[in-house]
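# Per-entry structural report
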Amino acid sequence: MKTYAYVRVSTADQCKDRQILSMQELKIPPENIYTDKQPGKDFDRPAYSALVRKLRCGDLLYIKSIDRLGRNYAEIQNQWRILTKEKGIDIAVIDMPLLDTRRHKDLLGTFISDLVLQVLSFASENERLAIRQRQAEGIAAARKRGVHFGRPIKKPPENFGALVRQWERRNLPLSVVLERTGLKEATFYNRLREYRAAKGRK
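Here's a quick rundown of the structure.

The rules we used
Residues numbered from 1 in each chain as written. Predicted model: local features only at pLDDT ≥ 70, side-chain atom pairs only at ≥ 80, totals over all residues. Heavy atoms only, no water. Axes fitted to C-alpha atoms, helices over the stretch in contact; angles between N-to-C directions. Helix = DSSP H or I, 4+ residues; strand = E, 2+ residues; numbered from the N terminus. Parallel < 35°, antiparallel > 145°, perpendicular 65-115°, else oblique. Contact = heavy atoms within 4.5 Å. Nonpolar A, V, L, I, M, F, W, Y, C, P; charged D, E, K, R; others polar. Salt bridge = Lys/Arg side-chain N within 4 Å of Asp/Glu carboxyl O. Buried < 20%, exposed > 50% of the residue type's maximum accessible area, 1.4 Å probe, protein only. Pairing = 2+ DSSP bridges. Core = buried A, V, L, I, M, F, W, Y, C linked by side-chain atoms within 4.5 Å.

## Details of the packing of helix H7 (residues 174–181) against helix H8 (residues 185–199)
The geometry of H7 relative to H8 is characterised by a closest axis approach of 10 Å and an angle of 85° between their N-to-C directions. Relative to H8, H7 is oriented roughly perpendicular. Contacts between H7 and H8 involve Leu174, Val177 and Leu178 from the first element and Glu185, Phe188 and Tyr189 from the second. Its residues assigned to classes, the contact of H7 with H8 shows five nonpolar, no polar and one charged.

Put into structure tokens, the structure is as follows:
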């Protein structure tokens, strides 16, 4: 039997130290600690996939909390079944001692574990949906305040109007105008529409 650990954070700027420390306290070898920096909406994660391939019947897997395994209700249930039934491993959730498959392997213990797993899986996905809702509301509020998301808007140079007039009079080809403004063709036409609208022209 070998002991493994799985650690997950949603983004690169989130800290995984608390999870790692918990695994180190359990004396899990560093090479047996698998870490992903990805959202928990699904299980298409490189470290998790490598871990599952490594696990053998009788091995033990530690996770800090059920939401570190994932945040998709149906997928958590499915992965738990794959790990415990198909792979034949034990799982211990550090923050929830009831979710330790080494204990209470009788019918009542299994029922309680399954019930706790369903409740925590539901709470995990519900939190993910709540986070997405808060993000969407925050973005909408920021846009109302005029905050721009995405790539910075490429502004035309100060002599844009003069270059446009020369181009309109056919004194400059479009290629030269693009070179002098540093704009791509699609961006040039967007800025041109804005320029003409500001001048009251079509």
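Picking up where we left off.
## Some thoughts on the pattern of salt bridges
One pass over the structure, following the stated rule, counts seven salt bridges. The salt bridge involving glutamate 86 is made with arginine 81; its shortest N-O contact spans 2.6 Å. A salt bridge links glutamate 194 to arginine 191; the nearest nitrogen and oxygen atoms lie 2.8 Å apart. With a gap of three residues between them, glutamate 194 and arginine 191 both fall in helix H8, about one helical turn apart. For glutamate 194, a relative accessible area of 45% corresponds to the partly exposed category.

## Examining the sheet that holds strand E1 (residues 3–9)
One open sheet accounts for four strands, arranged E2-E1-E3-E4; its pairing is parallel. Edge positions in the sheet fall to strand E2 (33–37) and strand E4 (90–93), since each has one partner strand and no second. On average, each strand axis in the sheet is tilted by 20° relative to the strand beside it, whichever way the strands run. Relative to strand E3 (residues 60–63), E1 runs parallel, the two sharing four bridges. Across the sheet, residue threonine 3 finds its bridge partner in E3, namely leucine 60. Here helix H1 (residues 17–25) sits on the sheet and contacts E1, E2 and E3; the angle it forms with E1, its principal contact strand, is near 170°.

## Remarks on the nonpolar core
Within the largest apolar cluster, 22 residues are counted, with the highest numbers of intra-cluster contacts made by Leu69, Trp80 and Leu83. At the level of elements, E1, helix H2 (46–54), E3, helix H3 (66–69), helix H4 (73–86), E4 and helix H5 (107–144) are the ones that each hand at least two residues to this core. Those residues in contact with leucine 69, other than ones at most four positions away along the chain, are Tyr6, Arg8, Phe43, Arg45, Tyr48, Ile63, Ile76 and Trp80. By size, the runner-up hydrophobic cluster in this structure holds 11 residues, among which are Phe160, Leu174, Leu178 and Tyr195.

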